[in-house]
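Chain residues, written in single-letter form:
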Amino acid sequence: MKPVVVRGVAIGEGIPKICVPIVGNTREEILAAAEECKELPLDVVEWRADWYDQVLELEETLETARQLRTVLGEIPLLFTFRTKKEGGEKAISTQEYEKLNIQVAESGYVDLVDVEAFTGDEEVTRMIEGIHKAGVKVVASNHDFDQTPKKDEIVRRLMKMQEMGADIPKLAAMPTCSRDVLTLLDATLTMQEMHADRPIITMSMAGTGVISRLAGETFGSALTFGAAKKASAPGQIGVEDLAWILKKLHA
């Protein structure tokens, strides 16, 4: 497997990388959170732009991205607008979503862009091509907040993201029982051992699934999400605890 390297951080190599989301509503909150991130044991910052009040005003979003880039320096930045249908804060039309992702990539202020993989094949293909043309990597994602799909379906979805050209396929699912967590981990390992030629990210959400956020090095998930203060998804644990545990497991 070839790692994805952004600003010197090799995702898919060694200890799973730690990503901390920023979920501010205003530019001031976003930049303040970015300042705090500089003091944390993390590898990547995710800007969850769907929390930003002015995200649909493109010029405002690009200016916030510019200032965010300045604050973060050489810390890799993942831009994510999580749509309402996949657990995000705002609804957005497919046309607006596509335009936003491509123009943010073209700005040069971000290193990776999250693209929801089942937005529509034509739209996703255009987004991946447009983002790549801008020299930015793509995390293709899928979130199921109701259940955990069967193992074969998890693998199928991850393979589809890979086949569409995403640099990093990502899938998160909600467990309804402990066995669902095993299903997610088993699917991750099967994907990693038999199909993946690039890093993948998987997680089982909520308290039941926390183990999946810690065991990536064993089962094949290359990046995990930790909370600085406010979690952006159920089951995220504090970034300092996360970093300590990952190092202990690696040892």
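Residues numbered from 1 in each chain as written. Predicted model: local features only at pLDDT ≥ 70, side-chain atom pairs only at ≥ 80, totals over all residues. Heavy atoms only, no water.

1. Here's the deal with the UniProt feature "active site" (unreviewed entry) in the protein
- UniProt marks His143 and Lys170 with the feature "active site" (unreviewed entry), using the numbering shown here. These annotated residues cover 28 residues of sequence, but their C-alpha atoms sit close together, with the largest distance between any two at 8.5 Å.
- Discounting chain neighbours no more than four positions away, the residues touching histidine 143 are Arg82, Glu86, Lys170 and Ala172.
- For lysine 170, the position within the fold is in strand S8 (residues 168-173).
- Residue contacts for lysine 170: discarding those within four places in its chain leaves Arg82, Asp114, Val139, Ala140, Ser141, Asn142, His143, Leu158, Met161, Ile201, Met203 and Phe225. (UniProt positions renumbered as here; feature names shortened; annotations may be inferred. Contact = heavy atoms within 4.5 Å. Helix = DSSP H or I, 4+ residues; strand = E, 2+ residues; numbered from the N terminus.)

2. Overview of the nonpolar core
- Core analysis: the largest hydrophobic core is formed by 58 residues, its most contacted members being Ile18, Val45, Trp47, Leu68, Phe79, Val113 and Ile131.
- Contact partners of phenylalanine 79, with chain neighbours within four places excluded, come to Trp47, Ala49, Thr61, Leu100, Asn101, Val104, Val110, Leu112, Val113 and Asp114.
- Counting 19 residues, the second-largest nonpolar core is a separate cluster that includes Val4, Val6, Val9 and Ile201. (Core = buried A, V, L, I, M, F, W, Y, C linked by side-chain atoms within 4.5 Å. Buried < 20%, exposed > 50% of the residue type's maximum accessible area, 1.4 Å probe, protein only.)

3. Observations concerning the packing of aromatic side chains
- Under the counting rule described, the total for this entry stands at three aromatic pairs.
- Relative to tyrosine 52, the ring of tryptophan 47 lies with its centre 5.8 Å away and its plane at 50°, an arrangement referred to as tilted.
- Under the relative-accessibility criterion, tryptophan 47 is labelled buried at 0%.
- Within the aromatic cluster, the residues linked to one another by ring pairs are Trp47, Tyr52 and Phe79. (Phe/Tyr/Trp six-rings, centres within 6.5 Å; stacked < 30°, edge-to-face > 60°.)

4. Considering the sheet that holds strand S9 (residues 201-204)
- In space, the nine strands of this open sheet follow the order S9-S8-S7-S6-S5-S4-S3-S10-S11, with parallel pairing throughout. Each edge of the open sheet is held by one strand with a lone partner, namely S9 and strand S11 (237-238).
- The pairing of strand S3 (residues 17-22) with strand S4 (residues 44-48) spans four bridges and is parallel. Among the inter-strand pairings, valine 20 is bridged to a residue of S4, identified as valine 45. (Pairing = 2+ DSSP bridges.)

5. As for helix H1 (residues 27-37)
- Among the residues of H1, Arg27, Ile30, Leu31, Ala34 and Cys37 are the ones counted as buried. Each buried residue of H1 sits inside an arc of 110° when the element is viewed along its axis, so together they form one side.
- Considering only its buried residues, H1 is in contact with S3, S4 and helix H2 (58-72). (Arc of directions from axis to C-beta.)

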